[in-house]
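# Observations on chain architecture
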Amino acid sequence: MLTVEQNEELTRVGPGRPMGDLLRRYWYPIAFEQDFDATPSKTVRLLGEDWTLYKTPSGRYGIIAEHCPHRRASLTYGVVHPDGIRCGYHGWKFGFDGQCLEQPAETESSNFRDRVRAKAGRAEPLGGMVWVYVGPEPAPLLPRFDVYVLDGVRDIGYTTLPCNWLQIMENAVDPHHVEWLHGYYFEFLGQIGGFEAPKSFQKKHVKVAFDEFEFGIIKRRVLEGHSDEDDDWKIGHPLVFPYCMRVGGMWVDQMQIRVPIDDTHTWKLFYTLHHPEAGTWERQDRPVVYEFPWRRDDGTLITDYVEGQDIMAWVSQGPIVDRSTEHLGRSDAGVALLRKLFKENMQLVRDGGDPLGTVRTPHEIIELPCERDKFGAGTAFTDQWIKGGSMRYAPIRDELLALHRDAAQARARAAAGG
Amino acid sequence: MCGAALERGMVCESWSGAQRNFMTWCAACSWMGDVVRYDRVAISEQHR
């Protein structure tokens, strides 16, 4: 368990906080490109601060602190220009870097505007989303992880959860919960609800290991009936520090994204790329985006699908887990390792260094290691994942199922020499 | 282990049966490992 002070240090993400300073060294997805089809600006909240995100007529994005330095009106209700944004209240204009460029009601000879600068960051599109960096210069490059740039069909399920991002990340280094929450509990729900729960999550863990690597932690597992030669051990899959987990199987590759909105809210996204070998698909202009439910109108939690079970655990832990009253066991070693990584990187930032996963070298793609044959379940895993997870709410669910089935049949024909 | 104070490091307590462990990371020398609390300082004679 941690002290109250240690827990505060790990969970508070606002400006000037040690974790806030660390988290501001990374890029975050904060909106979808289609959000700007009807309006050129929107308010977004990130790391405990409110921002105006805007798109110019030429397609360039900018991000600036929401409240105008003049008299604090919202810049989201301003006028977007090719070179910045103008406050709707008194016309103060700001460039992409936040520098005040015009103050219409002040005299032309005044240099008042030179002494006014709004907090601003950088914004760029990637993979159908708008990404922002609100930390100090020089900004790192936006990492072009594989799922965001490879060819394929994309769907993005999203929601906002009323809990701190860290307890969601701790779930990512907690392999044993799979056999209990998604295996044993899911089976129990199936028995009382009269449905068939997926069997692939019910295999027990024989061996678990964690390896630090350049972008976070590789998780490895050996399940009952399997060996070190299976993908779950040989390849594993990564926690991508500090706010993602990369998972996948049978050419469904997903980044689970947990954007810290503030201390008690997280924007949760399941960004999924479907690109089965031997599959054919039409080129998408943009990912299909949909909000998925996790709570009924009466407030009870929806737990008959995998991600709903995880959300139940995260949300029921409380807005910020009280780690001063927890009792960790040996099976929580991954959780302790993650906390150590956060402490280590907060110290690195304090000492003036780049934290884990900082990218400054230009690149086309960063490929992350990830299992292909998941839990030894073969192609059945794809069907179970799409039908039994948050993708069941995807508007293109049936098309995704057909894509993978058709591809599997094509691979089988090719293997048979047909 | 360098013997530096752990105030900037991390100590994370866990249990394994009756054994109380402290996963420990030192910010000064980066050592990371388990420190196990003694109930009694004892030396096993089983190897003799």
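Look above for the structure.
Overview of the structure. Since we're looking at a predicted model, the values are computed, not measured.

For the rest of this paragraph, the subject is the sheet that holds strand β18 (residues 288-291) of chain A. The pairing of strands in a sheet comes from backbone hydrogen bonds and takes either a parallel or an antiparallel form. Residues and elements named next belong to chain A. Strand order in this open sheet of eight strands is β12-β13-β14-β15-β16-β17-β11-β18, and the pairing throughout is mixed. Two strands bound the open sheet, and with one partner strand each, they are β12 (205-213) and β18. Within the sheet, the average angular offset between the axes of one strand and its neighbour, ignoring direction, is 20°. Alignment of β12 against strand β13 (residues 216-223), held across eight bridges, turns out to be antiparallel. Of the residues in β13, the one forming a bridge with Val208 is Arg221.

All names here are of chain A. Read across the open sheet, the three strands follow the order β1-β10-β9; overall the sheet is antiparallel. Both edges of this open sheet fall to β1 (28-32) and β9 (122-126), since each of them pairs with a single strand only. Put simply, the sheet's adjacent strands are angled 35° from each other on average, direction ignored. Two strands pair when backbone bridges link them, and β9 and strand β10 (residues 129-133) are joined in this way by five bridges, in the antiparallel orientation. Looking at the pairing, Pro125 lines up with Val130 of β10.

What follows deals with helix α1 (residues 4-11) of chain A. All names here are of chain A. For α1, the full list of buried residues reads Asn7, Leu10 and Thr11. Looking straight down α1, one finds its buried side chains confined to an arc of 85°; they lie on one side. Structurally, α1 contributes buried residues whose contacts are with α2 (18-23), α4 (165-171) and α8 (333-350).

Calculation rules
- Residues numbered from 1 in each chain as written.
- Chains lettered and ligands numbered in written order.
- Predicted model: local features only at pLDDT ≥ 70, side-chain atom pairs only at ≥ 80, totals over all residues.
- Pairing = 2+ DSSP bridges.
- Helix = DSSP H or I, 4+ residues; strand = E, 2+ residues; numbered from the N terminus.
- Axes fitted to C-alpha atoms, helices over the stretch in contact; angles between N-to-C directions.
- Buried ≥ 20, exposed ≤ 12 C-beta atoms within 10 Å, placed from the backbone.
- Arc of directions from axis to C-beta.
- Contact = placed C-beta atoms within 7 Å.

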